[in-house]
Amino acid sequence: MKILIVEDQKDLALEVAEFLFTEEGCVIDHAWKKSSALEKITESTYDFILLDITLPDGNGLDIINELKKFKDRRDAVIVLSARGAIDDRIAGLELGADDYLPKPFSLPELRARIHAIIRRKHQVNDNNIPVRDFSLNIQQRTFCYGNVVLNLTKKEYDILAYLVLNKNKVVARMSLTEHIWGDLYDAYVDSNFVDVHIKNLRKKLQQHAEVDWLETVRGVGYRVKL
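- You'll find the protein entered in an unreviewed UniProt entry as Response regulator transcription factor, with Olivibacter oleidegradans given as the organism.

This is the structure in structure tokens:
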């Protein structure tokens with residue numbers, strides 16, 4: 001997942017970033033001000049935006065309004081607010097935020113809320129998502145064949161999870177690399193490194209069952225067709 005943390009308390013932002021990278025393998029961008037956050041969202045799309053309201057140069061809720069100007073944006077927003085700022089939380093939710101967390105908050109709770117939003121947005125009932133003869137568990141970050149946990153690398157899991165969560169949609173190479181590798185993707189645009197990861201994934205999966213559902217759409221990208 002690619003996440004933008006909009007938070008001027010740098011110690012908190014870095015603590016959250018380290019936790020999400022360690023526990024979820026997330027690609028993290030930072031914005032310490034509203035102005036830099038607005039620049040980030042014009043340059044990239046995100047799976048999640050963790051949004052502080054009180055920023056040095058303005059109200060963080062303005063960023064939610066700015067997101068509405070982009071067609072087909074699906075960035076999930078979790079508002080971070082002071083514990084007593086009930087009006088701010090209500091305002092954020094009414095503008096379209098997906099959830100809020102009062103400060104100070106527990107990092108495992110943040111992770112649980114992220115998982116809950118993923119389930120809701122992708123219309124799955126629990127953390128275990130069936131994929132033909134396999135299953136993906138977004139909480140444990142595993143991909144299984146029956147009771148057998150497949151030995152996938154971190155990036156192989158991230159690629160497969162992103163495609164599964166966007167099932168039946170063609171995911172462009174550029175979109176996939178940006179969400180898995182973040183700003184590093186520019187260095188690999190002309191490379192076949194994503195195809196190599198997909199090839200290795202197929203090889204591992206085919207040791208257990210057919211994977212005709214993992215498609216390469218020539219000249220465009222990839223699709224998990226279920």
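Concerning the sheet that holds strand β12 (residues 171-172)
Here's step 1: Taken in spatial order, the 3 strands make up an open sheet running β12-β14-β13, and their pairing is antiparallel. Both outer strands of the open sheet, β12 and β13 (214-217), are each paired with one neighbouring strand and no more.
Here's step 2: Both β12 and strand β14 (residues 221-224) contribute to a ladder of 2 bridges, which runs antiparallel. Note that in β14 the partner of A172 across the bridge is G221.
Here's step 3: Taken strand by strand, helix α6 (residues 154-165) contacts β12, β13 and β14, and its axis lies near 65° from that of β14.
Here's step 4: Set on the sheet, helix α8 (residues 193-206) makes contact with β13 and β14; between it and β13 the angle comes to about 155°.

Considering the sheet that holds strand β3 (residues 48-52)
Here's step 1: Across the sheet, which stays open at both edges, the 5 strands sit in the order β2-β1-β3-β6-β7 with parallel pairing between neighbours. Lying at the two open borders of the sheet, with one neighbouring strand each, are β2 (27-31) and β7 (99-103). Looking at each pair of strands side by side, their axes are set apart by 20° on average, direction ignored.
Here's step 2: Helix α4 (residues 86-95) rests against β6 (76-82) and β7 of the sheet, and its axis sits at about 160° to β7.

Structural notes on the pattern of salt bridges
Here's step 1: Summed over the entire model, instances satisfying the criterion amount to 16 salt bridges.
Here's step 2: Among the ionic pairs, E66 bridges to K69, the shortest N-O distance being 3.2 Å.
Here's step 3: Residue E66 is classed as partly exposed on the basis of its relative accessible area of 23%.
Here's step 4: Of the charged contacts in the structure, one is a salt bridge between D158 and R141, with a shortest N-O distance of 2.9 Å. You can see D158 sitting in helix α6 and its partner R141 sitting in the loop between β9 (134-137) and β10 (142-145), a full 17 residues away along the chain.
Here's step 5: A relative accessible area of 7% means that D158 is categorised as buried.
Here's step 6: Beyond isolated ion pairs, a larger network of salt bridges with shared partners links E7, D52 and K103.

Points about the pairing of β13
Here's step 1: Pairing between β13 and β14: 4 bridges, direction antiparallel. Looking across to β14, one finds that V217 is bridged to G221.
Here's step 2: Connecting β13 to the antiparallel partner β14 that follows it, the hairpin turn spans 3 residues, and G219 within it adopts a positive phi of roughly 80°.

Here we look at the packing of helix α7 (residues 173-181) against α8
Here's step 1: It is the contact of α7 with α8, at a shortest axis distance of 11 Å, that shows an interaxial angle of 80°. In terms of orientation, α7 and α8 fall into the roughly perpendicular class. Contacts between α7 and α8 involve R173, L176, T177 and W181 from the first element and F193, V194, D195 and H197 from the second.
Here's step 2: Per-class residue counts for the contact of α7 with α8 are 4 nonpolar, 2 polar and 2 charged.

A look at the packing of α6 against α7
Here's step 1: In the contact formed by α6 and α7, the axes pass within 10 Å of each other and the chain directions differ by 130°. When the interaxial angle is binned, α6 and α7 end up oblique. Two packed elements cross with a definite hand, and for α6 against α7 that hand is right-handed. Counting all contacts with α6, which are made through K155, D158, I159 and Y162, the residues of α7 involved are S175, L176, H179, I180 and W181.

Basis of the calculations
Residues numbered from 1 in each chain as written. Predicted model: local features only at pLDDT ≥ 70, side-chain atom pairs only at ≥ 80, totals over all residues. Heavy atoms only, no water. Pairing = 2+ DSSP bridges. Helix = DSSP H or I, 4+ residues; strand = E, 2+ residues; numbered from the N terminus. Contact = heavy atoms within 4.5 Å. Axes fitted to C-alpha atoms, helices over the stretch in contact; angles between N-to-C directions. Salt bridge = Lys/Arg side-chain N within 4 Å of Asp/Glu carboxyl O. Buried < 20%, exposed > 50% of the residue type's maximum accessible area, 1.4 Å probe, protein only. Parallel < 35°, antiparallel > 145°, perpendicular 65-115°, else oblique. Nonpolar A, V, L, I, M, F, W, Y, C, P; charged D, E, K, R; others polar. Left-handed = near helix turned anticlockwise from the far one by under 90°.

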